[in-house]
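Summary of structural features
Residue-level listing of the chains:
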Amino acid sequence: MSLRVLGVDPGLTRCGIGVLDSAGGRRATLVAAGVVRSSSEDPIDQRLLAISRGLRASIEEHAPDVVAVERVFSQNNTSTVMGTAQVSGIAILLAAERRIPIAMHTPSEVKAAVTGYGRADKKQIQAVLVKLLGLDAPPKPADAADAVAIALTQLWRGPGPVRLDSTGGARTSAQARWAEAERAARRARESSTSRF
């Protein structure tokens, strides 16, 4: 049974999005990668609205089983941390509204999961992504590659391809099929209501 993860690298100017499907074992297939952008010229409310709309569209299009978000960590630049935290909150809220489980991973956890080294740089991470996912080049821009790395971390360090219920307990295969039907119905409902 495959698991689809939407990775989010939160940022106020560029919010990275990466969608992976598990392909058994430690293999994965890249479904989508990109960024949702907001203009630094716009007021904060409009920037957050733009990011929210883009994230919502990605969740509705790809219907992930879990949303993995990079955990905000302290930096010297307070305004950057604030924007990152606000975008993280939006991603978590959008997932919660759809009853999609969320997971959070620190940057060092992502680096260690993908490269085996918690202090790897972006080029090392991108090189590993190219190799592991069979890509011709790393996803661009770098925020998209980071989001793919976050999704891969969840596939490898999360609960795996066995879907979990809201209490964290494993579902039976029948329960998983039922959940899949509910997810398809939710997508259909969201698709029909978004047209109005």
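As a convention, each chain's residues are numbered from 1 in the sequence order in which they are written. With the structure being a predicted model, the display of local features is reserved for residues of pLDDT at least 70 and the display and counting of side-chain atom pairs for 80 or more, all residues being used for whole-chain, interface and lining totals. Side-chain descriptors were evaluated using all non-hydrogen atoms of the structure, hydrogens and water having been removed beforehand.

**Examining the overall build of the protein**
Only runs of H or I of at least four residues qualify as helices and only runs of E of at least two qualify as strands under DSSP, and these elements are numbered from the N terminus. Within the protein, the secondary structure is distributed over 6 helices and 5 strands. Counting from the amino terminus, helix and strand elements in the protein follow one another as β-β-β-α-β-α-β-α-α-α-α. When a residue's accessible area, from a 1.4 Å probe over protein chains only, is under 20% of the maximum for its type it is buried; when over 50% it is exposed; and in between it is partly exposed. When burial is assessed residue by residue, the protein has 43% of its 196 residues classed as buried. Pairs at least 24 apart in sequence give 61% of the contacts found in the protein among residues at least 6 apart. In this analysis, two residues are considered to be in contact whenever any of their non-hydrogen atoms come within 4.5 Å of each other.

**Concerning the nonpolar core**
Ranked by size, the top nonpolar core spans 21 residues in total, and within it Val5, Leu20, Val114, Leu129, Leu133, Leu152 and Leu155 carry the most contacts. Elements that contribute at least two residues to this core include exactly β4 (66-70), α3 (107-115), α4 (122-133) and α5 (142-157). The element best represented in this core is α5, accounting for 8 residues. Apart from residues no more than four positions distant in its own chain, Leu20 is found in contact with Leu3, Arg4, Val5, Ala28, Thr29, Leu30, Val31, Leu133, Val148, Ala151, Leu152 and Leu155. Core analysis: the second largest hydrophobic core is formed by 20 residues, Val19, Val67, Ile90 and Ile100 among them. The definition of a nonpolar core used throughout is a set of buried Ala, Val, Leu, Ile, Met, Phe, Trp, Tyr and Cys residues joined through side-chain atoms within 4.5 Å.

**Let's talk about the environment of Gln86**
By the element assignment, Gln86 lies in helix α2 (residues 78-97). Each C-alpha atom, one on Gln86 and one on Val72, is 9.7 Å from the other, the two residues being 14 residues apart in sequence. If we ignore the near neighbours within four places in the chain, the residues touching Gln86 are Ile44 and Leu48.

**A look at the sheet that holds β4**
By this definition, two strands are paired if DSSP reports at least two bridges between them. The 5 strands lie next to each other as β3-β2-β1-β4-β5, forming an open sheet whose pairing is mixed. Of all the strands in the sheet, the pair left with one neighbour each is β3 (28-37) and β5 (102-105). On average, each strand axis in the sheet is inclined to that of its neighbour by 20°, with strand direction left out of account. Bridge count for strand β2 (residues 14-22) against β3 is 9 bridges, and the pairing is antiparallel. Its bridge partner lying in β3, Ile17 is registered against Gly34. In this fold α2 packs onto β1 (4-9), β2, β4 and β5, with an angle of close to 170° to the strand it touches most, β4. Only the stretch in contact is used when fitting a helix axis, every axis being a line fitted to C-alpha atoms; angles between N-to-C directions are given from 0 to 180 degrees.

**What to know about the packing of helix α1 (residues 44-62) against α2**
Interaxial distance between α1 and α2 falls to 10 Å at its minimum, and their mutual angle equals 40°. Regarding the angle of α1 to α2, the classification is oblique. Seen along the crossing, α1 lies across α2 with a hand that is right-handed. Residues Ile44, Leu48, Ile51, Ser52, Leu55, Arg56 and Ile59 of α1 lie in contact with α2, whose contacting residues are Gln86, Val87, Ile90, Ala91, Leu94 and Ala95. Classes in brief: Ala, Val, Leu, Ile, Met, Phe, Trp, Tyr, Cys and Pro nonpolar; Asp, Glu, Lys and Arg charged; the others, Gly included, polar. By residue class, the composition of the contact of α1 with α2 is 10 nonpolar, 2 polar and 1 charged. We call two directions roughly parallel when the angle between them is under 35 degrees, roughly antiparallel when it is over 145, roughly perpendicular when it lies between 65 and 115, and oblique otherwise. Each helix crossing is assigned a hand: it is left-handed if the near helix lies turned anticlockwise from the far helix by less than a right angle, otherwise right-handed if that turn is clockwise.

Functional significance is not addressed by these values, which are geometric in nature.
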